[in-house]
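# A closer look at the structure
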Amino acid sequence: MKRSVLAAALGLALSMATASASAQAFERSIMTGGPQGTYIKIGRDIAALGAECGLTLNVVESAGSLENFVGVRNRRNTQFGIVQSDVLEYLKTFEANDPEVQKAVKGVRIMFPLYNEEIHVLARKEIAGVKDLAGKKVAVGKKDSGTFLTATLVMDILQVKAGERVDINPDEALPKLLSGEIDAFFYVAGAPASLFSGNTIDKAKFHLLPITEAPLLATYTPSRIEAGTYSFQDEPVDLVAVKAVMMTYDYDVKRNAYHRDSCKTVADFSSLIIGGLDKLKATGHPKWKTVDLTALPPGWQVGVCVKAGMALDYKPACKPQAGAATGATDDSNEEYLNLLKQRLKP
């Protein structure tokens, strides 16, 4: 990925997050994505768990992964954000030599790895594959979204030069594709994505592109969208996917009341998600069925407050109360995996 692409997106996300850090009363929030995306539904499922415990969690719409990542770092009353693993990987790639990236990643930690998100590319029928996007007008998402970074990375890896890259979100791109204003658009979302399920798309004119090129497999996971997932899709489509990861911050309970309350929030929801995972798989978004809590992205540590809530004897505060979440200070992920085995064993 070009450094200039990351710099532009990161700078925008930093300015947006900083500008919103003005709330006074303590609140709990998770940054998700657009109104028709998978992230917002996952966020609402988590909020529902909190509501059963008397804990209100605000589900905040956003442009996507990069804004969410920086929001966890900078936005007050925002303890959680859902982020794509390729965004995490490339932030780590640039971290060593870039002070701006170092500032953005400082203190950000893993909450839980979640599910794989499929890279959808909806295109006119005559476009057979990603390499045929060369010279075409392609919507790649807004610059502070994960879709934008993924689309840029995929085309850069495959050396595909679009005729024009349009920086709009997928919900804006779909009507432009249907009207002929653009030729294709990228959308990173867990299938089934409601954007495609809730719209009439003519299967004689449009289809999802297969994405099977070998150079992409160093970064992405092979996946498949089965036939009939969407009304316009009669055949299975092989493509690639990226992991969605729930991120948080390593709050210092000795620093101030806000950090203590936020750490307690992280510990509470850590316990609630693990304890409620079977319910989430049964009644939540279908992607909960594929969640693998052991699939930690390389180079990132699980937060101390997360591990505090994973303890067998931890009890979530089902009414807001003061007090710190305390736990081990071991910064390795071995402790997380051991706690996970204890909590999830039959």
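Computed from a predicted structure; not experimentally measured. (Residues numbered from 1 in each chain as written. Predicted model: local features only at pLDDT ≥ 70, side-chain atom pairs only at ≥ 80, totals over all residues. Heavy atoms only, no water.)

As enumerated under the stated definition, the model contains 13 salt bridges in all. A salt bridge links R124 to E126, with the nearest nitrogen and oxygen atoms 1.7 Å apart. On the accessibility criterion, E126 (57% relative accessible area) is exposed. (Salt bridge = Lys/Arg side-chain N within 4 Å of Asp/Glu carboxyl O. Buried < 20%, exposed > 50% of the residue type's maximum accessible area, 1.4 Å probe, protein only.)

Another point: the environment of K92. Tracing the backbone shows K92 in helix 4 (residues 85-95). In this structure, the C-alpha to C-alpha distance between K92 and W300, residues 208 residues apart in sequence, is 8.7 Å. With residues up to four places along the chain from it excluded, the contact list for K92 reads G299 and W300. (Helix = DSSP H or I, 4+ residues; strand = E, 2+ residues; numbered from the N terminus. Contact = heavy atoms within 4.5 Å.)

So, about the side chain of K243. Within the secondary structure layout, K243 lies in strand 10 (residues 237-249). One buried charged side chain, K243, makes no salt bridge at all; its nearest oppositely charged neighbour is D292, positioned 5.5 Å away. A polar side-chain atom of K243 sits 3.4 Å from a polar atom in the side chain of N116. Contacts of K243, omitting those with residues within four sequence positions, involve V83, Q84, S85, L114, Y115, N116, E117 and A295. (Lys, Arg positive; Asp, Glu negative; His and termini not counted. Polar contact = N/O pair within 3.5 Å; in protein donor to acceptor, adjacent residues only side chain to side chain.)

To continue, consider the nonpolar core. F69, F112, L122, L133, F185, F186 and F196 are the most contacted members of the largest nonpolar core, which has 105 residues in total. The greatest single-element share of this core, amounting to 10 residues, is contributed by strand 4 (residues 108-124). Setting aside chain neighbours within four positions, we find F185 in contact with H120, V121, L122, A139, P170, A173, L174, L177, L195 and F196. (Core = buried A, V, L, I, M, F, W, Y, C linked by side-chain atoms within 4.5 Å.)

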